[in-house]
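# Results of the structural survey
So the chains spell out like this:
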Amino acid sequence: MVLNPSIDERCEIVWDKYWYMMRQREVTRMGFVKLGFYNRFVPEVLDPDEPMNDAEHIFECLNLTMLVKDFFGDLWPEMFGYAPDWLGIYDQMLMHELGEVEIGDLTDDGSYDAFVKDAQEDELNQKFLTDFPENVRRSHLAQFTEFQGNRCLGRCIDKAVFVLDQGIFKSYGIEGNMNCKALNHTLTERDLFYAQAAGSDRPVDAIYAHFLDVTRGLPWRFIFTGIIEAMYRAEYGENGEPGKVPEALKAFY
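Since the structure is predicted, the reported quantities are computational estimates derived from the model, not experimental observations. (Residues numbered from 1 in each chain as written. Predicted model: local features only at pLDDT ≥ 70, side-chain atom pairs only at ≥ 80, totals over all residues. Heavy atoms only, no water.)

### A closer look at the overall build of the chain
In terms of helices and strands, the chain carries 13 helices and zero strands. Moving toward the C terminus, one meets the helices and strands of the chain in the order α-α-α-α-α-α-α-α-α-α-α-α-α. Its C-alpha radius of gyration of 19 Å places the chain within 12% of the 18 Å reference for a compact globule of 253 residues. In terms of overall dimensions, the chain has C-alpha extents of about 55 × 50 × 40 Å along its principal axes. Within the chain, the proportion of its 253 residues that are buried is 41%. Taking all contacts inside the chain whose residues are at least 6 apart in sequence as the whole, residues at least 24 apart take part in 72%. When the accessible surface of the chain is summed, it comes to about 14200 Å², and 54% of that surface belongs to carbon and sulfur atoms. (Helix = DSSP H or I, 4+ residues; strand = E, 2+ residues; numbered from the N terminus. Rg over C-alpha atoms; globule rule 2.2 N^0.38 Å. Buried < 20%, exposed > 50% of the residue type's maximum accessible area, 1.4 Å probe, protein only. Contact = heavy atoms within 4.5 Å. Areas by Shrake-Rupley, 256 points an atom, 1.4 Å probe, with all protein chains shown as cover.)

Below is the structure:
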């Protein structure tokens, strides 16, 4: 199958568009500023290292969903034998973090009991949906159950954005640090495993190793690895050369 543009070209475009769309996080909604909602100075353009919140995480998941749909949706039936329910994935993305309003964001680093978290989120999700129309409620519950199963397209999108966001911050010269987590929180066994497997102390490499591990066997994973590789090329180069995924991570492919 000859594609125009090619898969690699599409991945490059998706990374470029994702990076541009994520710049919206820096734009202050000025109506609130002008009406005196804040008791502090708020600039028109925020610093790029502003902490990310759940609403922005939902926003980035929707961004990536749209871009994957627009640049790869036409290929999906031929490559994978079905057409995704893109509207259902949008709904899934909008609702997948609702439980965190009550329990907070528990990072996927092995520092908590995933079964307990899933049960809590499922209970809170069902409570939220109690008075929705019955057919809609069943649909949303099914979408959430699919998401918690960790093997759906929506879950892949959710995991991919955390890898891509490393490149967003890197484009501004901002990088996280595994040692920071070691000093201020705890490096879990999972953190240590992926960092050692990547042969690197850069968070992006450990996070990408985790993504590769949890998405292993998914037929569409190569689309996301292509986008992430485009991010590496664009943001992690040195001396004028494109960046490369560390060779050690190829073992996870």
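### Concerning the side chain of Q148
Of note, Q148 is situated in helix α8 (residues 134–148). Classification of Q148 as buried rests on a relative accessible area of 17%. If we ignore the near neighbours within four places in the chain, the residues touching Q148 are D118, E121 and D122.

### Re the environment of G237
With respect to the helices, strands and loops of the structure, G237 is situated in the segment after α13 (221–235). Overall, G237 belongs to the partly exposed group, its relative accessible area being 32%. On a C-alpha basis, the gap between G237 and N4 in space is 27 Å, while along the polypeptide they are 233 residues apart. Ignoring anything within four residues of it in the chain, the contact list for G237 reads Y232, P242 and G243.

### Considering the nonpolar core
Of all hydrophobic cores here, the largest spans 53 residues; its most connected members are L64, F72, F224 and I227. Secondary structure elements with two or more residues in this core: α1 (7–22), α3 (54–72), α4 (76–80), α5 (86–95), α9 (153–170), α11 (189–198), α12 (203–214) and α13. Looking at this core element by element, the count peaks at eight residues for α9. For I227, the residues in contact, after removing those within four places along its chain, are C11, V14, W15, L64, V68, F72 and L164. (Core = buried A, V, L, I, M, F, W, Y, C linked by side-chain atoms within 4.5 Å.)

### Topic: α11
Taken as a whole, α11 has its buried residues at D191, Y194, A195 and A198. Taken around the axis of α11, the buried residues stretch over an arc of 100 degrees, which confines them to a single face. Seen from the buried face of α11, the exposed residues on the opposite side, beyond 90 degrees, are E189 and Q196. Where α11 is buried, its residues meet α10 (178–184) and α12. Following α11 by one or two positions, G199 adopts a phi angle in the positive range, close to 65 degrees. (Arc of directions from axis to C-beta.)

### Examining the packing of α3 against α5
Across the interface, α3 lies against α5 with an axial gap of 9 Å and an inter-helix angle of 165 degrees. Here α3 lies roughly antiparallel to α5, going by the angle between them. For the pair α3 and α5, the crossing hand works out as right-handed. Across the interface between the two elements, I58, C61, L62, T65, M66, V68 and K69 of α3 pack against W86, I89, Y90, M93 and L94 of α5. Among the residues forming the contact of α3 with α5, the class breakdown is 10 nonpolar, one polar and one charged. (Axes fitted to C-alpha atoms, helices over the stretch in contact; angles between N-to-C directions. Parallel < 35°, antiparallel > 145°, perpendicular 65-115°, else oblique. Left-handed = near helix turned anticlockwise from the far one by under 90°. Nonpolar A, V, L, I, M, F, W, Y, C, P; charged D, E, K, R; others polar.)

### Let's talk about a nonpolar patch on the surface
On the surface, F32, L35, F37 and Y38 cluster together into a nonpolar patch covering about 450 Å² of accessible area. In this fold, Y38 is placed in the loop between α2 (30–34) and α3. (Patch = residues over 30% accessible without salt bridge, like charges linked within 9 Å, V, L, I, M, F, W, Y side chains within 5 Å. Salt bridge = Lys/Arg side-chain N within 4 Å of Asp/Glu carboxyl O.)

### What about the packing of aromatic side chains?
In this description, an aromatic ring pair is defined by two values, namely the gap between the centres and the angle between the planes. Applying the stated criterion across every chain, the model contains 14 aromatic pairs. When the ring of W76 is compared with that of W86, the centres are 5.7 Å apart and the planes differ by 80 degrees; the resulting orientation is edge-to-face. Taken together, the positions of W76 in helix α4 and W86 in helix α5 put the pair 10 residues apart, joining distant regions of the chain. Like W86, W76 is buried. Considering the side-chain rings of Y194 and F252, the 6.1 Å spacing of their centres and the 50 degrees angle between planes classify their relative orientation as tilted. With Y194 in helix α11 and F252 in the segment after α13, this residue pair connects regions lying 58 residues apart in the sequence. (Phe/Tyr/Trp six-rings, centres within 6.5 Å; stacked < 30°, edge-to-face > 60°.)

### Focus: the pattern of salt bridges
Per the counting criterion, the structure on display carries 14 salt bridges. Salt-bridge contacts for R138 lead to E134; the nearest nitrogen and oxygen are separated by 3.4 Å. Note that R138 and E134 are positioned in helix α8 at a spacing of four residues, about one turn of the helix. As a salt-bridge pair, R216 and D213 come within 3.2 Å of each other at their nearest N and O atoms. The network of salt bridges with common partners includes D108, K159 and R190.

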